[in-house]
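Residue-level structure breakdown
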Amino acid sequence: MQQGKIIKAVGGFFYISHNGKTIASKVRKKLSYNNLEISVGDNVEFFFNEYKKAVIEDVLPRKNELIRPNVANVDVAAIVVASVPQPDFVLVDKIILNCYIQDIKPVLIVNKSDINGQDFFDQISKEYGDAVSQIICVSAEQDLNLDEIKQALKGQTTVFCGQSAVGKTSLLNKIAEKNQATGDISEKSGRGKHTTRHSQIFDLGDDTFIVDTPGFSLLELKDIKSGELHLYYSDMVEMQSGCKYHMCTHTTEPDCQVKQALENGTFDKNRYQRYLAIFEEIKEAEKNKF
Ligand SMILES: Nc1nc2c(ncn2[C@@H]2O[C@H](COP(=O)(O)OP(=O)(O)OP(=O)(O)O)[C@@H](O)[C@H]2O)c(=O)[nH]1
Ligand SMILES: [Mg+2]
Ligand SMILES: [Zn+2]
């Protein structure tokens with residue numbers, strides 16, 4: 001049996017990277033008995049059948065797995081944001097929450113610094129300084145600060161994720177010297193055109209891998225209960241002891257330290273508003289479940 005890594009999955013074929021070569025393979029039928037879905041990033045065991053076709057026999061245990069984008073065995077999530085198209089920071093927060101759950105290091109890449117304006121970066125630094133490991137301000141178009149990304153991602157498997165048209169593929173093209181298709185923003189909707197259709201891993205050498213993924217705008221948090229959401233906000237956890245209730249969700253409870261901090265301006269209002277939006281969304285999903 002041989003081992004390799006799935007770098008792309010398209011049209012029922014799984015592309016395995018093995019000894020520097022890419023091998024198109026199918027999955028052994030019995031694998032689907034276990035309901036096992038194979039993701040990009042999976043390490044697999046495969047063999048060549050009597051027709052010399054590669055067949056995946058088994059999927060090795062995963063270190064972690066993101067459902068959206070669907071990638072396995074990730075070290076870093078580089079969440080790409082830009083001032084254009086209109087950013088959705090609730091989505092960014094949800095991606096970060098998924099990173100915490102899956103033990104993936106979240107890094108924020110602020111792309112398009114050539115057009116963003118300083119306010120945009122200042123706002124992000126203020127609201128995300130505590131939530132992510134690092135914030136890197138770059139421009140793929142003008143080659144600004146790309147070395148900082150390369151440095152941060154060295155020796156890691158990093159998934160580029162975020163909304164359509166923030167510049168994930170543009171960044172990959174510059175950093176990995178590739179020529180993958182990029183797209184503009186639709187004039188009609190002001191949103192991205194979903195140019196990248198499939199996740200794909202690019203091997204940069206020295207154990208450095210970048211996964212380019214399709215942009216998305218919807219993300220359901222399945223693994224967090226509304227009553228426990230606040231536990232993923234380290235700044236809220238720090239204040240918890242000042243709240244009247246031990247498991248205060250900082251929403252409707254009286255004598256809440258977080259709400260006090262909101263009033264005196266020591267807790268960021270935007271961050272709190274997004275927390276509330278996510279809290280309500282999870283609550284709504286919980287209602288529909290029962
Ligand atoms: N001004 C400016 N535009 C950029 C920059 N980086 C990318 N763009 C533009 O943003 C648009 C979208 O770029 P893509 O790289 O295709 O975006 P993406 O995130 O891969 O989008 P999807 O594949 O749809 O998820 C293109 O028109 C790029 O030229 C940048 O640093 N500055
Ligand atoms: Mg793309
Ligand atoms: Zn509270």
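Just so it is clear, the model here is predicted, and its values are computed rather than measured.

Rules behind the numbers
Residues numbered from 1 in each chain as written. Chains lettered and ligands numbered in written order. Predicted model: local features only at pLDDT ≥ 70, side-chain atom pairs only at ≥ 80, totals over all residues. Helix = DSSP H or I, 4+ residues; strand = E, 2+ residues; numbered from the N terminus. Buried ≥ 20, exposed ≤ 12 C-beta atoms within 10 Å, placed from the backbone. Contact = placed C-beta atoms within 7 Å. Domains from an automatic or database assignment. Nonpolar A, V, L, I, M, F, W, Y, C, P; charged D, E, K, R; others polar. Expected span 1.5 Å × (residues − 1). Core = buried A, V, L, I, M, F, W, Y, C linked by C-beta atoms within 7 Å.

Let us now look at the overall build of the chain. A count of helices and strands for the chain gives 8 helices and 13 strands. By its C-alpha atoms, the chain is 70 × 50 × 40 Å across when sized along the principal axes. Put simply, the chain has 290 residues, and 34% of those count as buried. Of all intrachain contacts in the chain linking residues separated by at least 6 positions in sequence, the fraction that spans at least 24 positions is 64%.

It is worth spelling out the domain arrangement of the chain at this point. Along its sequence, the chain is organised into domain 1 (2-59), domain 2 (65-212) and domain 3 (226-289). Each of domain 2 and domain 3 has a C-alpha centre, and these two points are 27 Å apart. Taken together, the 9 residues of domain 2 in the interface contact 9 residues of domain 3. When residues in the side of domain 2 that touches domain 3 are grouped by element, the largest group, 6 residues, is from helix α1 (residues 89-102). In terms of residue class, the side of domain 2 that touches domain 3 is built from 4 nonpolar, no polar and 5 charged.

For α1, with 14 residues, the first-to-last C-alpha span of 20 Å sits near the 20 Å given by 1.5 Å per residue. V92, D93, K94, I95, L97, N98 and C99 are the residues of α1 that are buried.

What follows deals with unusual backbone geometry. Looking along the chain, the bond that leaves R68 and enters P69 is cis, with omega of -5 degrees. Relative to the elements of secondary structure, P69 occurs in the loop between β6 (65-66) and β7 (71-72). Between V84 and the following residue, P85, the backbone shows a cis peptide bond with an omega angle of -10 degrees. With respect to the helices, strands and loops of the structure, P85 is situated in the loop between β8 (76-81) and α1. Not every positive phi belongs to a glycine, and D143 is a case in point at roughly 55 degrees. Within the secondary structure, D143 sits in the loop between β10 (134-137) and α4 (146-153). Residue class for D143 comes out exposed when judged on the 10 C-beta atoms lying within 10 Å of it. Unlike most non-glycine residues, E177 shows phi in positive territory, near 50 degrees. Positionally, E177 belongs in the loop between α5 (168-176) and β12 (200-205).

This part covers the nonpolar core. Core analysis: the biggest nonpolar cluster contains 52 residues, and A77, A78, I79, L108, I109, V159 and F160 have the highest contact counts within it. Setting aside its immediate chain neighbours within four residues, I79 contacts V92, I95, P106, L108, I109, C161 and G162. Listed in part, the 9 residues of the second largest apolar core include Y233, C243, C248 and V258.

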